[in-house]
Amino acid sequence: MPGFGKCPSEVFELATDLFAVGDLALTEANRLGANQAEVYLAASRSFTIEVENNSIKTALERRDAGVGVRTVAGKGIGFAYVTTLQRDDVLEAVRTSYALARASVEDPQFVSLPSYDGKYPSVPGLYDKRIAELSSEEAADIIIRMVDATKSGLEGRNVAIEARLNASSGTVAIVNSVGVRVSGTDTSISVFSSPVIKEGNDQTSSFEFQVGRQLKDVNPEWVGSSAAENALRNLGAKTIEGGEMPVLFDPIAVGAVLGDGFGVAVNAEEVQYGRSYISDAFGQEIAAPELHVVDNGFLPGALGSRVFDAEGYPSQKTELLSSGVLKSLLHNSYTAAKDSVENTGNASRASYAGVPGIAPSNLVVMQGRGSQEDLISEIRRGVLCRQTGDRPNMTTGDLSAMIMEGAYIEDGELKHALKGTLIGINMRDLLMRVTRVAADTRSTPDVISPSIVIESAKVTSG
């Protein structure tokens, strides 16, 4: 087995070892008679600490390594994976994959695995040695500082705190029989704090988080104190009289509504199968001119940035919405060949144990002007939605979103927190009704976005 688990200074040796395993698998696939083959190799280390009811509940370190093999026989495709890098296991995975390819129903739409022999882009800030070498003591110190900051902000109150830290580092290597040969190493970290406050009959909660690829991207004291402030703002939540009114989406809510609701809608596979509410809208004006959206795999240090996608094709920047016009979809090699368009480098897979799908790299809503406070000051009567767990129906675009955390706005001021309040709107109307985009951009796992305002949606409360 290659030397995963060694210190970060040996990542070059790790990538070299992974290539050796990949070449072994390709040779076996070729010997068996496969038309094409792809080997996806990954090795990773992750560290998770969870706090429940103010005390550390679990601390888990996980090391993982494995290989996924796609083989092509005619136009039949097979896939198999193993959770080791041992020679005999990898060769068995190749044989299983090839047997499945020969037995599968041929796909007439399949053209080829991606090929690439050019220069890959340079994307800075994807790796931080301090995360790769993070010890259990250092991780525990970070999460304790975060919990202490949350406690400090809620001193004297009846409070229970849940918190989580996850740090990971990993190396991926991809080789295929038509020219792809690339590897990369990256790191990531996320911290999350969620207090629950109980005062008399009033119980409320909130949260705060940060994500990034560098240890400096997270500030445990800020996350802890901000989580406490957010929870305090949610005390005394009330219903309101409903109706059509403006909705201000906080960047976190934009992540749920646009990150999923638009990021999935421009997935070329969803469009090709008619499962997207914008399947018939390519090249058309589907949004307000204020809304500009790109997918950018090059952003230095961003969570979704990468040198290459999950098939080894180079990352790129793709303009999706410009002046409200739908300019492009997100493709992997299969959907690009099916539509006879350029591959946008958006192949995605969660691990070596799955075949490639399609996902954004960094879905970015380009910022406008002003702060969230400026946007609030411009609203006579409306609602702020900070968090919703609801996503639109991707086929119809209908969205019915519970405001899980938000506030009522009147005469340019936040009046009180909301409870039992829903927003109803179709996604195509939502996109067309964007009137303001602020400059308070922040990163969430789904999108990099500022706050946005839509001029009206149906709000029901009770």
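**Thoughts on the overall build of the chain**
Move 1: The helix and strand inventory of the chain stands at 10 helices and 23 strands.
Move 2: For a compact globule of 462 residues, the expected C-alpha radius of gyration is about 23 Å, and the chain comes in at 24 Å, within 12% of that figure.
Move 3: Within the chain, buried positions represent 52% of all 462 residues.
Move 4: Partitioning the contacts of the chain with sequence separation of at least 6, the portion at a separation of at least 24 is 71%.

**Focus: the environment of Ile 379**
Move 1: Counting through the fold element by element, Ile 379 comes out in the loop between α9 (372-377) and β15 (381-387).
Move 2: Residues Ile 379 and Thr 58, 321 residues apart in the sequence, show an inter-C-alpha distance of 45 Å.
Move 3: Those residues in contact with Ile 379 that sit more than four places away from it in its chain are Pro 246, Leu 248, Ile 409, Glu 410, Asp 411 and Gly 412.

**Comments concerning helix α5 (residues 220-233)**
Move 1: Look at α5: 20 Å from first C-alpha to last across 14 residues, which is about the 20 Å you get at 1.5 Å a residue.
Move 2: Of the residues making up α5, those classed as buried are Pro 220, Val 223, Gly 224, Ser 226, Ala 227, Ala 228, Asn 230 and Ala 231.
Move 3: The inward-facing, buried residues of α5 abut α4 (136-153), β5 (181-199), β6 (202-205), β7 (208-212), β15 and β17 (405-410).
Move 4: The distance from a side-chain oxygen at the start of α5 to the backbone nitrogen of Glu 221 is 3.1 Å, and the residue carrying that oxygen is Asn 219.

**Here we look at α4**
Move 1: With 18 residues, α4 should cover 26 Å at 1.5 Å per step; its first-to-last C-alpha distance of 26 Å lies within 8% of that length.
Move 2: Among all positions of α4, only Ala 139, Ala 140, Ile 142, Ile 143, Met 146, Val 147, Ala 149 and Thr 150 are buried.

**Let's talk about the confidence of the model for the chain**
Move 1: Per-residue confidence for the chain averages 94 on the pLDDT scale, and 97% of its residues sit at or above 70.
Move 2: Long-range and interchain partners of residues 1-8, a stretch whose pLDDT sits below 50, account for 19 contacts in this model, where long-range means more than four residues apart.

**Concerning the pairing of strand β1 (residues 36-52)**
Move 1: Most of β1 is tucked away, with 13 of its 17 residues classed as buried.
Move 2: Bridge count for β1 against strand β2 (residues 55-73) is 17 bridges, and the pairing is antiparallel. When the bridges of β2 are listed, Val 39 appears paired with Val 69.
Move 3: Between β1 and β2, which pair antiparallel in sequence order, lie two residues; one of them, Asn 53, sits at a positive phi of approximately 50°.

Rules used throughout
Residues numbered from 1 in each chain as written. Predicted model: local features only at pLDDT ≥ 70, side-chain atom pairs only at ≥ 80, totals over all residues. Heavy atoms only, no water. Helix = DSSP H or I, 4+ residues; strand = E, 2+ residues; numbered from the N terminus. Rg over C-alpha atoms; globule rule 2.2 N^0.38 Å. Buried < 20%, exposed > 50% of the residue type's maximum accessible area, 1.4 Å probe, protein only. Contact = heavy atoms within 4.5 Å. Expected span 1.5 Å × (residues − 1). Polar contact = N/O pair within 3.5 Å; in protein donor to acceptor, adjacent residues only side chain to side chain. pLDDT = per-residue confidence, 0-100. Pairing = 2+ DSSP bridges.

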